[in-house]
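# Examination of the molecular architecture
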Amino acid sequence: MREMNIRKVLDGDYCVGCGACTLVQSGKMKLNEFGEFKPFFDETNNPEELDAVCPFLSPKLNEDTLAKNLFHEHAKYNKFIGYNIKSYAGYIKSENIRENGTSGGFGTWIGLKLLSEGLIDGVIHARKVDPAANDGIFFDYKISRTPKEISDGSKTRYHVLEISKVMNQVRQKEGRYLFIGVPCFVKAVRRLQKIDSIINSRIVFCVSLVCGHYKSVNWTRSLAWGAGLNPQKLKEVEYRVKGPKIDTRSYVFRGISNDGDSVQKDTALILGGKFNAGAMMLNACNYCDDVVGETSDLTVGDAWIPKYDTDRQGTNLLIVRNVELHQILLKAKIEEEIFIEEISTEEAISSQSGGFRQRREGLAYRLQKKKKEGQWVPKKRIAFEEFKIKWLRRIIYRQRLKVSLLSKKAFKNALEQADYQIYRKALRFHFLYLKIIETIASLRKILLIKTKRTLSKTGKLIKLVR
């Protein structure tokens, strides 16, 4: 009998919960006790396609291979951002789209644009759902077929998702679709396209969001609880509220309960709320080396560059790989529908430098650690001996691993006993320690960024005066 490799993924806690495996195995995705999606299926049925669609198996179908087949004729290759035609920073000039979207608004605009041009019949993306009627989740993949539905799917979703249900809908309903997701989900879709002719013909574009890591449903509940709202009564959430007094780098959370009570608070002031601290991060994200969705036609993220991040409305990073989408962007620029400005590959990489360090140098450390422990790990494009890692960085990577593991266990216990202090007491020292060592390691960079941002603001004020 053929070895069931996906069992290694599940036992090693490398599963990101995308749901691609259940499409070829007729299984079902369910939330586990930590608020993470996991597959459940008949393990006596072990088709070869199971390995082919899992993002953490079949290394011959890695990001480089998949992207080369798609884009090599028109794009150049870079080891950080993959194949690319051009990189841009920009925003949508429509105030409504930009204000109601994340950052510069391109995540919403691209779907609206492709629909209006008749190039797609719908957008597959995350939309709000009622947790009481959907097993406790706040967002789920839906197909939006109208401008209103597409606009309703705007904003950031730091929330686990799975694609099995919506991909079955794609199989059943003829049409051309844009898929929007995090890098590993786009990779899973690309792999599904190789074995499923219907999905291949109907998913005509893929857009990837830049990804720091995936958060469990429990992280969302922890934000509400830390802001003073009962997590069991939480009904609606927004992760990045915009406002005239809210800095573009601030992540302000808003939660609404079943009773209509509302809370709003900067997540940096909530225990475990600072995104990069890694609270309730999926372990799979510790073993991913794709930050920008290298298999996507277009990457959309935040342009974390001092030149742009002083704009409180937000500016997007765009990495273009698809010729047709590139022409659409250039035409929209000429027609003054959007503002885009070409940036260098180095600037694009710099805008996500923390993510690349965590997924390259940090990944090498974690692979090395697993090797020493004699444990199986998915084969990645990064070799464990590739980097000479400084002692302080090793401490940081070790502490991040500890925080992500402890936080999900402690919060589960807190929920079960209806006592937030269980979570707080178990993690407050670990978060503080991580913050201290990260600040020490990044002090020079922090000062440099603040100086550049101040100079950028000063330059804009001088222009206004003139």
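This text goes with the structure placed above it.
A brief report on the enclosed structure follows. Given the structure is predicted, the values throughout are model-derived calculations rather than measurements.

## Re the nonpolar core
Judged by nonpolar contacts, the single largest core of 90 residues is most densely connected at I124, I163, M167, F179, F185, I203 and Y423. Element by element, the count of residues in this core is highest for helix α16 (residues 391-417), at eight residues. Within the second largest apolar cluster, 26 residues are counted, among which are I97, F106, L114 and L115.

## Things to note about helix α6 (residues 106-116)
Counting buried residues along α6, nine of its eleven residues qualify, which places the element largely inside the surrounding structure. Residues of α6 that are buried: F106, T108, W109, I110, G111, L112, K113, L114 and L115. Remark: G118 follows α6 within two positions and exhibits a positive phi of approximately 75°.

## Focus on empty space enclosed by the protein
Using a probe with the size of a water molecule, rolled over the atoms, empty space left in the structure can be pinpointed. A full pass over the atoms with the stated rule returns five cavities of 30 Å³ or more. In this structure, the largest cavity occupies an estimated 140 Å³ of space. Looking at the largest cavity, it is lined by 16 residues, and the ones nearest its centre are R240, V241, K242, T248 and S250. Looking at side-chain class alone, the lining of the largest cavity contains two nonpolar, nine polar and five charged residues.

## Here's the deal with the side chain of S208
Structurally, S208 is set in strand β9 (residues 203-209). Discounting residues that sit within four places of it in the chain, S208 has contacts with G181, V182, P183, V186, V292, G293, S296, L298, T299 and V300.

## Points about the packing of aromatic side chains
Applying the stated rule across the entire model yields 23 aromatic pairs. Considering the side-chain rings of Y77 and Y83, the 5.1 Å spacing of their centres and the 55° angle between planes classify their relative orientation as tilted. Every member of this aromatic cluster is reached through a ring pair, and the members are F139, Y158, W219, Y239, Y251, F253 and F275. Above the plane of the ring of Y91 lies R98, whose end atom (NZ or CZ) is 3.9 Å from the centre. When the ring centre of F34 is taken as reference, the NZ or CZ atom of K408 above it lies at 4.9 Å.

## As for the pattern of salt bridges
Where charged atoms from two side chains of opposite charge come close, those side chains can pair. If you walk through the whole model with that rule in mind, you get 32 salt bridges. Across the pair K233 and D259 runs a salt bridge whose closest N-O atoms are separated by 3.6 Å. One end of the pair, K233, is in the loop between α11 (217-226) and β10 (234-238); the other, D259, is in the loop between β11 (252-257) and β12 (262-266), and 26 residues separate them in sequence. When its relative accessible area of 53% is taken as the criterion, D259 is described as exposed. Across the pair R360 and E294 runs a salt bridge whose closest N-O atoms are separated by 3.6 Å. Taken together, the positions of R360 in the loop between α14 (353-359) and α15 (361-372) and E294 in the loop between β12 and β13 (298-302) put the pair 66 residues apart, joining distant regions of the chain. Look at E294 and you get buried, because its relative accessible area is 1%. Through salt bridges with shared partners, a single network forms among E63, D64, K187, D289, E294, R360 and R381.

## Notes on the environment of L234
Among the secondary structure elements, L234 is positioned in strand β10. Judged by its relative accessible area of 3%, L234 is buried. Considering only alpha carbons, one finds L234 and D259, 25 residues apart in sequence, at a separation of 9.0 Å. Other than its neighbours up to four places away in sequence, L234 contacts P131, F138, T220, R221, A224, L229, G255, I256 and S257.

## So, the packing of α15 against α16
Direction vectors running N to C along α15 and α16 enclose 75°, while the axes themselves pass 10 Å from each other. In terms of their interaxial angle, α15 and α16 are classed as roughly perpendicular. In contact with E361, G362, Y365, R366, Q368 and K369 of α15, α16 contributes R393, R394, Y397, R398 and L401.

## Notes on the sheet that holds β11
In spatial order, the strands read β10-β11-β12; together these three strands make up an open sheet with antiparallel pairing. In this open sheet, the two edge strands, each paired with only one partner strand, are β10 and β12. Sheet twist, expressed as the mean angle between neighbouring strand axes with direction ignored, is 20°. Where β10 and β11 come together, four bridges link them in antiparallel fashion. Looking across to β11, one finds that E236 is bridged to I256. Sheet contacts for α11: β10, β11 and β12; angle to β10, the most-contacted strand, approximately 95°.

## Some points on unusual backbone geometry
Here D13, not a glycine, exhibits a phi torsion of approximately 60°, which is positive. Relative to the elements of secondary structure, D13 occurs in the loop between α1 (5-11) and α2 (20-25). Located in the positive-phi region is S26, a residue other than glycine, with phi close to 55°. If you trace the backbone, S26 turns up in the loop between α2 and β1 (28-31). Under the relative-accessibility criterion, S26 is labelled exposed at 70%.

The rules behind the values
- Residues numbered from 1 in each chain as written.
- Predicted model: local features only at pLDDT ≥ 70, side-chain atom pairs only at ≥ 80, totals over all residues.
- Heavy atoms only, no water.
- Core = buried A, V, L, I, M, F, W, Y, C linked by side-chain atoms within 4.5 Å.
- Buried < 20%, exposed > 50% of the residue type's maximum accessible area, 1.4 Å probe, protein only.
- Helix = DSSP H or I, 4+ residues; strand = E, 2+ residues; numbered from the N terminus.
- 1 Å grid on protein atoms, 1.4 Å probe; cavity = no way out; pocket = protein on both sides within 12 Å on 5 of 7 lines; lining within 4 Å.
- Points joined across faces, edges and corners; volume = space filled by probe spheres on them.
- Nonpolar A, V, L, I, M, F, W, Y, C, P; charged D, E, K, R; others polar.
- Contact = heavy atoms within 4.5 Å.
- Phe/Tyr/Trp six-rings, centres within 6.5 Å; stacked < 30°, edge-to-face > 60°.
- Lys NZ or Arg CZ within 6 Å of the ring centre and 35° of its normal.
- Salt bridge = Lys/Arg side-chain N within 4 Å of Asp/Glu carboxyl O.
- Axes fitted to C-alpha atoms, helices over the stretch in contact; angles between N-to-C directions.
- Parallel < 35°, antiparallel > 145°, perpendicular 65-115°, else oblique.
- Pairing = 2+ DSSP bridges.

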